[in-house]
Structure formats: structure tokens, C-alpha cells
Amino acid sequence: MTDPVLRLEDIVKTFPGVRALDGVSFAVMPGEVHALMGENGAGKSTLMKVLGGIHQPTEGAIFVGNEQVVMAGPLEAKAKGIVFIHQELSLAEELSVAENIYLGELPRKRFGMVDWATLRERTNAILAKLNVGFDAATRVGDLSIANQQMVEIARALTVDAKAVIFDEPTASLTDAEKVVLFDVIADLKASGVGIIYISHRMEEIFKITDRISILRDGQYQGTVNTAETTEEAVTQMMIGRKLDLTRNASHHDLGDVALEVRGLSCGKLYEDVSFEIRRGEVVGFYGLVGAGRTEIAETLFGLRTPSAGTIRLAGQEVRIGSPTEAIARGISLVPEDRKGQGLVLGMNCRDNMTLPQVDDLTAGPFMAEGAEVAIFDQYRDRLDIRTPGWKQKVGNLSGGNQQKIVIGKWLSMHPEVLIVDEPTRGIDVGSKSEIHKLLRGLAAQGYAVMVISSEMPEVLHVSDRIVAMYSGRIMRTFTSDEVTEDSLIQAISGLGTSSEVA
Amino acid sequence: MATLDRRQIGSILAKQGILIAFALFMIVFTIANPKFISIDNVFSVVRSSAILGVMALGVTFVVISGNLDLSVGSMMSFSTIVVLDLHDKIGPLLAIPAMFAMTLCLGAFIGFLVGYLRLNSLIVTLGMLSAIHGLTLTYSGGQNMDIADKEGTWFSVFGQGSALGIPVPILIFVGLAALLGIALARTPFGRKVYAVGGNGTAATFSGIKRARTVFTCYLISAGCVATAGMMQASRSLGSQNTVGQGLELEVLAAVILGGASLLGGSGTIFKTVIGVLILGFIQNGLLLVGLQFYVQFVVTWVIIILAVWLDIAAKRGKLFSHIA
Ligand SMILES: Nc1ncnc2c1ncn2[C@@H]1O[C@H](COP(=O)(O)OP(=O)(O)OP(=O)(O)O)[C@@H](O)[C@H]1O
Ligand SMILES: [Mg+2]
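Remember, it's a predicted structure, so these values are computed and weren't measured experimentally.

A. Focus on the sheet that holds strand 12 (residues 270–278) of chain A. All names here are of chain A. Taken in spatial order, the four strands of this open sheet run 12-11-14-15, and their pairing is antiparallel. This sheet does not close on itself; its edge strands, each paired only once, are strand 12 and strand 15 (316–318). With direction set aside, neighbouring strand axes in the sheet form an average angle of 20°. Pairing analysis gives three bridges linking strand 14 (residues 308–313) to strand 15, with the strands arranged antiparallel. Bridge pairing links leucine 313 to glutamine 316 in strand 15. Sitting on the sheet, helix 9 (residues 293–300) touches strand 11 (257–266), strand 12 and strand 14, and the angle it makes with strand 12 is about 65°.

In C-alpha cells:
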């Protein structure tokens, strides 16, 4: 029996009002992929931050090899061979990919000048391994979220690691990028590195991990061998009950056309896009990153000006010049990037949730704070948001709970047309199926719902119709009866023929 | 056990770093000279801080919205000179609104550049600092401005009068602080200021008009500057062209001392008021212990740096950054 590369013993971590970790023990063997699972707010990221020196444990001990250590800070953790790929991206947007990857360790020439040639060379070598479509000189701010995630991963590969922590690395990756990531993980594993893998996606967990440890409400629930367990069993350990995964195929009648888009183009981002969404209908938009789905949503929300085409809301042609106008016309957008676009992290939960309606929630000249709290309470219960209270800063919430705040924020606007862009990114299995039910339920109430997602099961699960996009064009529109995984994959890789919408 | 105690102390420090530094400072100076906390002295400090304080209230809005305003010093000179000049020409009753209108125009111009054109606020207001100074010199022809009949004008009330035994400058400062404090903490507009400064993109995605919010912050700042100019003019009934010179940094120091982040999104009016008082008491205390006026500049700076350092250190739980 070999010794673990890394061991945590009886870790307790408290924040004001929260016992995030309550006596958790955990160990990683060399050459093992060890999954850490649990609901949103269970304490996964906190445990890893304790390990990575970002938080100091309130109680408990950390061992690297056989030696007990104190992780005073992230740099020390790194020096001990522990590499951390964070759930929330932490890149300098203004700098190039190369500078981000080697930040703090830029190769030097004489007089401390940066050796740009070496830097570029080394970076491109790593990028080649990751098979990405950008190079060392690209400005990070110009990259998509998925590609920024790849930069984070590239950064981890520069270190001689004993253990690598991946905190929800695939939350924003496409299937193709995932394949690359899994190859990278297999390489690391083969060279004896211990890997901790946090994800809410069962299929990945069962594909790549050897063992699974489960947390619930900050408490350790046990470790199981992946090969000897089932999704149901793991879910049960995570949430303490069985999950109802039946598709909510509520076949309600569709109403009038709520949103109609004809021949819409926006430069080269997307071209000649036509579709409509009826009241009571959920339309899924599926495609690769860069297919133009987010850009369409942004146009409908007044963030981009279309170069051609028309938008009709309830039959009336409209021009939507700004998000303010979009909101006034009853459009809500749950944006793709919760940290950058969805939330003011330094603001409390309640204020974030009511932000789009600050002008309406008033009593005389003042904010009607009671009404705000009522809205917050309603959506906290409905979405099962875990937080000690509305006063908590959103930045202190777990990733999944932050996402739920964004969803609550836009649901509370009672929109006519609800657009959700990757709505369940980072959300645990239990809440995910709740959100899917919620989207179906909203449709049943007569909302028109547009769901953009890179997760095929999600699209298949919630949509009445699925629009497949490839490189800025609609390739095909499927009804939920006729769609198959194969035909969908074909359509989004540009293999099918472009279908004209009559 | 020892670590637990340290942690508890740490978390108290983290919340109240500046207040504790302030208390320590007060104690030390009171021991050095007991006169320091006499009612008279406290009144005199608050009174002499009032002008700076009023300006700091407006700048708090600008800073929370994620911008800077370095033009308030020279804008205050402008207001002072203009209201003094117009006082003799059209009488105080018209001079005051006319001066307010002119100052607000300057604020609107800055607000337009920073808010709607999205120019960098540091560059814009630094430029305005000298531009407005030039404007003031042109307006006054380089002359000092004096009111002809200093005895017979009611205009002196804003700087020299008192009501119910309290000096009017203090009343203006406290009244304005209460008004703006409530506006910032309780109204939709205040909420928008925090959102825009905290994350401008997310604010836009929430339908908040970012440009308009920033614009309004600069208007508020200009309004406060105009009020400060009126108080200054009223106090001395005559003035140099450069009366507000350098105040922009003191104002900024007070706002930062109060704990507003230069990155935007945090700070409150109450904290700014504390910052203003700290600054006022520091300068007063140094005078009382008999330090030379010029030494004050250096010592003030050192104390500000110390206070800010303590504040940051308390927040991260240690004195030195681990990246150092
Ligand atoms: N800095 C902090 N201050 C206060 N509370 C915190 C802080 N960081 C985390 N928490 C709380 O600790 C708990 C655990 O959070 P953590 O981020 O570890 O969850 P998680 O398991 O990673 O969830 P997710 O799947 O949503 O990412 C949550 O209740 C969270 O609100
Ligand atoms: Mg997490």
C-alpha cells in the first residue's frame, strides 16, 4: 500500500454564521483521480481552498506525503507541488495568454528584462498540447470563457505537480475541449500525480475518476470506489434522498408567438437567423462555443445592434437599443458569465437579486426594503439558495448558489420572454433537475423560454424544439419527437445541410 | 488557544481598523495635551473641517461609482471667486444661484466626459484641475477678490453665523451629510451607484444606465463643491485665486481613510465623515503639540499611510502581503 500524496485530517472551517467544513478527512493517492462531490455549498471549494493555502483551517491538519504542513498561502502550496485550478477564473484580462500562464515566473534575460522569445516558445508548446485555437500573444480578455478556462489549465501544466485540483473545470467547456482536458488528466495520472476532481456532472465522474468522496453540509459522508457504485447511490449520499429524474413532459397548449426573429444578422457573428418562440414553449439552442448563440441573446437583450433583420415581440416589430429597453419590454437574460455579467460580487444577496427592479421597488423616494427581502426570501426558498441570510455578500456564496441568485434575479422580473444562457453552469444534480422543472413550469404558465446550453442532456431534457447552430447559422430545427443525439451532433458540426426556415 | 484569540482580535480589527486607529490616536494626543478633547476644541475642529467635509461628501459618490475627482480643489476656488465677485455686482441673493449654476455646468461637463464618453476619470479630472484654475484666473484677471462692504452683508452667515449655539458650517455639513447619506443608503439611485462601481458590466446587464449614474455623481460632487465655495467665501468675505489648491488630495485622503475603496463599489457617507474628522483631528493635534505648520504636511501624510496600512493589514489578517 503506497502512501497518499496528500491527506487532510478532521478539517473544520468556520466563517461568520457558517460552519462550511465540519471535521472532514480526505486523502489522495498518487496516480489517482479522486472526485469530490456534494451539493452547492457543501464545502468542496472551501476544502480545496484550505488545501491550497487560501483559507486557514479553523481546526485540523494537512499532510503532504508524511509530513504535516501549514499552508500559509497559495505560493507555498504551489511550492509544495499543489496546483489549483479555480472554479472562478482568476486571470488578468489585459495581459496576454503567455503572461498569464507564467505570471510571477516570467523567463528573464540580463538586467531583469523579460525574455519574450522563450516565453512565447514555452507557451505555444503547452498550448499545442492542449490543442486550442489561440496563441501565446492573444489578449486574455478577448478569449471566450471556455478558452480562458483552458488558459487556467495550461497554467497548471507549467508546474512540477504532486497533486492537481480541478474545481469544476468543465463547467464552461464544450465536448471537444473536454476530450482534451481528459487526455491531460490521463497524462498527469500516468505520471503519478494525484488528482482531485470536483464536478456536478455524473457522466464525467463515472468516466474518469477512480474514487468518489462525498460531502453534505460540510460533513464527510464517505468514500466509494467509482467502479462499485451507481449514480443513484452517489446522489443519495449527496442529497440524502432519491432524485426524481423523469422528464417533465407537460404537454400544455402553446399560445401566440411571443418572439419572432426574421433574417437577423450581426456582422459575421451570426447571419440570417430566423426563429420564433411561442408562449408556453421552451426552445433550446445547441451548438459549439462560437456558434453565435450568446450573440443572438445579447442582441435580443439590447446589448448588440443587429446589422440586418427584424425582431417582433407579440407581433410588433421592435428595436431594442439597450438592456433597459429590453427589460421594459419584458425580456430577461440570465447571462453566460455570472461573475462578470450577472453579479456585483461585493453587494449582498438581496440587493443583487432586486437590481433590475430598483426603480420599481420603492416606497416614496426610498427603496422598499421589506418588499426586497420578501422577493429574496421567495426565490431563496424556490431555488433552495444556501446562504446564512440576505445580508451575505454574494462573493461569499458557493459558485452554484451564486448562479441561483442570478436565476432568481431574472425570474423575479416575471418576463414575457426568458432567455437563459448556460443556466445550470456549476449547479448540483438535485438543483439542476429543480431548475429544469422550473423552466418547464414557467413555460406551462405561458412564458416563452429560450435556453442556450452546451450540455446535450440539458437541451434534450427541457426543450420542446431544438435549434442547432453552427458557425453563426441555424443548421436545423428539431422537434423534441424527432431529435436524436446523432442528428443533433451532425447538425452542430456543420455536417448536415442548412435548412431554410419558411 | 492563543491562535483563537488572535483570530478573534483579527476579525474585530478587520471591521473596525480605522476606528481603532482613530481611538488610539485620540488617546495619545489627549495624554500629550488634555485640551485636545475639550468641547471648545472639538467644536473648532469640526467647524474647520466642515468645508473639506462637504466636498468629501460629494467625492464619496464619485469614488463609490468607481471614479476619481481631482478637480474639486480648483473647482472650489472657482466657486469662491465667482460668488465673491457676483456678490457686489448682483447681490448675494442672485450671486449664490448663479455661482451654483456655473459650478454645476463644470460638473456636468466632467460627468459627460467620464460617464457618456467613458474617458478615464483620472485624466479628465486632472486636466480639469488645471483648466478650471486657468478659468478662475481669467475670470478674476489674476486679482484677489474682496467684498466691498464686509460689515453690512448677510452673506457672512454661511461661514460665520451660528444657530441654536451651533456654528452654521457645522449645521450645513451635518445636514448635507444626513441628506446625502440617506440618498446613498436608501434610494434607488444610491443602489445604482454601488452597482455601477462594484461591477459596471453587471449593472448594465441589469438595465442600469451606467453613464447617467456616473454623470449624476459628478453633478452631486459639483453641487457639494459649490456649497463649500459658498461657505469659504462667506467665512473670509475675500479670497485668493488659489484658496482650494491641494484640497483635492485631502478630500480624497478623507474618503479613503473612511474606508471607501478606490476600485469603487464600497464606502458610506458615515465612514467618510469619520475620515474627515480623523484628518481634522490629526492636523489639530499636531498644532496643539506645537509642531511647525510645514512639518504638518509630512506628518499628516505619514499618519494617513499608517492608517490605511493598518486597515488593509487588518483585512488580510497580517501586516505584510505574502506576495511582497
Ligand atoms: N469567504 C466566505 N465567507 C463566508 N462564507 C463562505 C465563504 N466561502 C464560502 N462560504 C460558505 O461556505 C459554504 C461552502 O461553500 P463552498 O464554496 O465550499 O461550496 P461548494 O461545495 O464548492 O459549492 P458549489 O458546488 O456551489 O461550488 C457555503 O455555505 C458558502 O456560503
Ligand atoms: Mg465550489
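What follows continues from the structure just given.
B. Highlighting the site of ligand 1. Residue and element names in this part refer to chain A. Around ligand 1 lies a shell of 20 residues, among which Lys44, Ser45, Thr46, Ser398 and Gly400 are the nearest. In the model, an oxygen atom of ligand 1 is placed 2.5 Å from a nitrogen or oxygen of the threonine 46 side chain. In this structure, glycine 400 approaches ligand 1 through a main-chain N or O atom, which is 2.7 Å from an oxygen atom. About the coverage of ligand 1: the protein hides 91% of its 640 Å² of free accessible area. Only strand 2 (18–28), helix 1 (44–51) and helix 14 (399–411) provide two or more residues apiece to the shell around ligand 1. Here the shell around ligand 1 gets three residues from one element, more than from any other, and that element is helix 1. Here the residues of the shell around ligand 1 are counted per class, giving five nonpolar, 12 polar and three charged. Of the domains in this structure, domain 1 (6–241) and domain 3 (342–414) are the two that each give at least three residues to the shell around ligand 1.

C. Just the domain arrangement of chain A, in detail. Residues and elements named next belong to chain A. By the assigned domains, chain A splits into domain 1 (6–241), domain 2 (242–330 + 416–502) and domain 3 (342–414). Its C-alpha centre places domain 1 at a distance of 30 Å from the equivalent point of domain 3. Among the residues domain 1 hides against domain 3, the three largest losses belong to Asn40, Gly41 and Glu88. Together they make up 56% of the total. At the junction of domain 1 with domain 3, the criterion picks out two salt bridges. Here glutamate 39 and arginine 386 are joined by a salt bridge, their closest N and O atoms 3.3 Å apart. Scanning the region where domain 1 abuts domain 3 turns up two residue pairs in polar contact (both at pLDDT 80 or more).

What counts, and where the lines are drawn
Residues numbered from 1 in each chain as written. Chains lettered and ligands numbered in written order. Predicted model: local features only at pLDDT ≥ 70, side-chain atom pairs only at ≥ 80, totals over all residues. Heavy atoms only, no water. Pairing = 2+ DSSP bridges. Helix = DSSP H or I, 4+ residues; strand = E, 2+ residues; numbered from the N terminus. Axes fitted to C-alpha atoms, helices over the stretch in contact; angles between N-to-C directions. Contact = heavy atoms within 4.5 Å. Near = heavy atom within 4 Å. Polar contact = N/O pair within 3.5 Å; in protein donor to acceptor, adjacent residues only side chain to side chain. Areas by Shrake-Rupley, 256 points an atom, 1.4 Å probe, with all protein chains shown as cover. Nonpolar A, V, L, I, M, F, W, Y, C, P; charged D, E, K, R; others polar. Domains from an automatic or database assignment. Buried area = accessible area lost by both parts, 1.4 Å probe. Salt bridge = Lys/Arg side-chain N within 4 Å of Asp/Glu carboxyl O.

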